[in-house]
Amino acid sequence: MRQPGIYSGILSGGLSGRTGPHALPLARIKKIMKKSGDDVKMISGEAPIVFAKACELFIEELTRRSWMVTVQGKRRTLHKEDVASAVAATEVFDFLVGLVADDDNNNSGGGGGGSNSTNSSSVESPEEEMAAVIR
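Residues numbered from 1 in each chain as written. Predicted model: local features only at pLDDT ≥ 70, side-chain atom pairs only at ≥ 80, totals over all residues. Heavy atoms only, no water.

As annotated in an unreviewed UniProt entry, the protein carries the name Transcription factor CBF/NF-Y/archaeal histone domain-containing protein and comes from Linum tenue. UniProt, in its Sequence similarities (unreviewed entry) section for the protein, records the words "Belongs to the NFYC/HAP5 subunit family." Turning to the protein, the UniProt record has this under Subunit (unreviewed entry): "Heterotrimeric transcription factor composed of three components, NF-YA, NF-YB and NF-YC. NF-YB and NF-YC must interact and dimerize for NF-YA association and DNA binding." (UniProt positions renumbered as here; feature names shortened; annotations may be inferred.)

(A) Region of the structure containing helix α1 (residues 26-35). The set of residues buried in α1 consists of I29, I32 and M33. Taken down its axis, α1 places every buried residue within 100° of arc, on the same side. (Buried < 20%, exposed > 50% of the residue type's maximum accessible area, 1.4 Å probe, protein only. Helix = DSSP H or I, 4+ residues; strand = E, 2+ residues; numbered from the N terminus. Arc of directions from axis to C-beta.)

(B) Structural context of the packing of helix α2 (residues 47-72) against helix α3 (residues 80-89). One can describe the packing of α2 onto α3 by two numbers: an axis separation of 8 Å at closest approach and a directional angle of 110°. The pairing of α2 with α3 is recorded here as roughly perpendicular in orientation. Only D82, V83, S85, A86 and V87 of α3 make contact with α2, whose side of the interface consists of L62, R65, S66, V69 and T70. Along the lines of polarity and charge, the residues of the contact of α2 with α3 split into five nonpolar, three polar and two charged. (Axes fitted to C-alpha atoms, helices over the stretch in contact; angles between N-to-C directions. Parallel < 35°, antiparallel > 145°, perpendicular 65-115°, else oblique. Contact = heavy atoms within 4.5 Å. Nonpolar A, V, L, I, M, F, W, Y, C, P; charged D, E, K, R; others polar.)

(C) Representation of the packing of α1 against α2. Interhelical geometry of α1 versus α2 gives an angle of 100° and a closest axis separation of 9 Å. By the angle between their directions, the pair α1 and α2 is classed as roughly perpendicular. Contact residues: α1 offers L26, I29, K30 and M33, while α2 offers A47, P48, I49, F51 and A52. Here the residues of the contact of α1 with α2 are counted per class, giving eight nonpolar, no polar and one charged.

(D) Main features of the pattern of salt bridges. Applying the stated rule across the entire model yields five salt bridges. Two residues, R75 and D82, come together in a salt bridge whose shortest N-O distance is 2.5 Å. Of the residues examined, R75 reaches a relative accessible area of 30% and is grouped as partly exposed. Classification of D82 as buried rests on a relative accessible area of 3%. Ionic contacts of the salt-bridge type, sharing partners, join the residues E60, E61, R64 and R65 into one network. (Salt bridge = Lys/Arg side-chain N within 4 Å of Asp/Glu carboxyl O.)

(E) Structural view of the packing of aromatic side chains. The final tally for this structure, using the stated rule, is two aromatic pairs. An angle of 85° between the planes, with centres 5.6 Å apart, marks the rings of F58 and F93 as edge-to-face. Of the two residues, F58 sits in helix α2 while F93 sits in the loop between α3 and α4 (97-107), which places them 35 residues apart along the sequence. Note on F93: relative accessible area 4%, which makes it buried. Pairing F58 with F95 gives two aromatic rings, centres 6.3 Å apart and planes at 40°, and the pair type is tilted. A residue pair is termed long-range when its members are at least 10 positions apart, and F58 in helix α2 and F95 in the loop between α3 and α4 qualify at 37 residues. Its relative accessible area of 25% is what places F58 among the partly exposed residues. Taken together, the ring pairs connect F58, F93 and F95 into an aromatic cluster. (Phe/Tyr/Trp six-rings, centres within 6.5 Å; stacked < 30°, edge-to-face > 60°.)

So, in C-alpha cells, the structure goes:
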C-alpha cells in the first residue's frame, strides 16, 4: 500500500487549516505544468497540490503589498496600478515587471469598453497562462 507523501497533509488542511476544494483548479495547474516543456510527461498527484498552495501564498503576498500601496494612496479599492507599484517596489517580484508593463501598454489603447479579448487560446508562455488564471 502506498504511503502518504510529505505534502499530502495539505489535502486535509495541513498548512492552512482548511479542508475542501482548492481555491485554484488543480486540473488547470497540471495542464500549465505539462505545457512548461516537452520533457514534462508525468506529474504526480501531489505536485499540483503543492503548486496550488504556492500560488495561493504568492497571491496573498502580492495582494498584501498591493494593499499597502492602496492605503498609502488613501483609497479603499485596490487597482491594477497598485499591483504594478507593488511589483516595482519589491525586488522578489522583478520577474513580473515586464508582464505588468506589457499589460498596461496593451490595455491603455482607446476603446474604453474593456473587452477582454485575451483568452487562454492566445496565451503562449506558462507565465502568461498563470497570469491569465490570476485575472
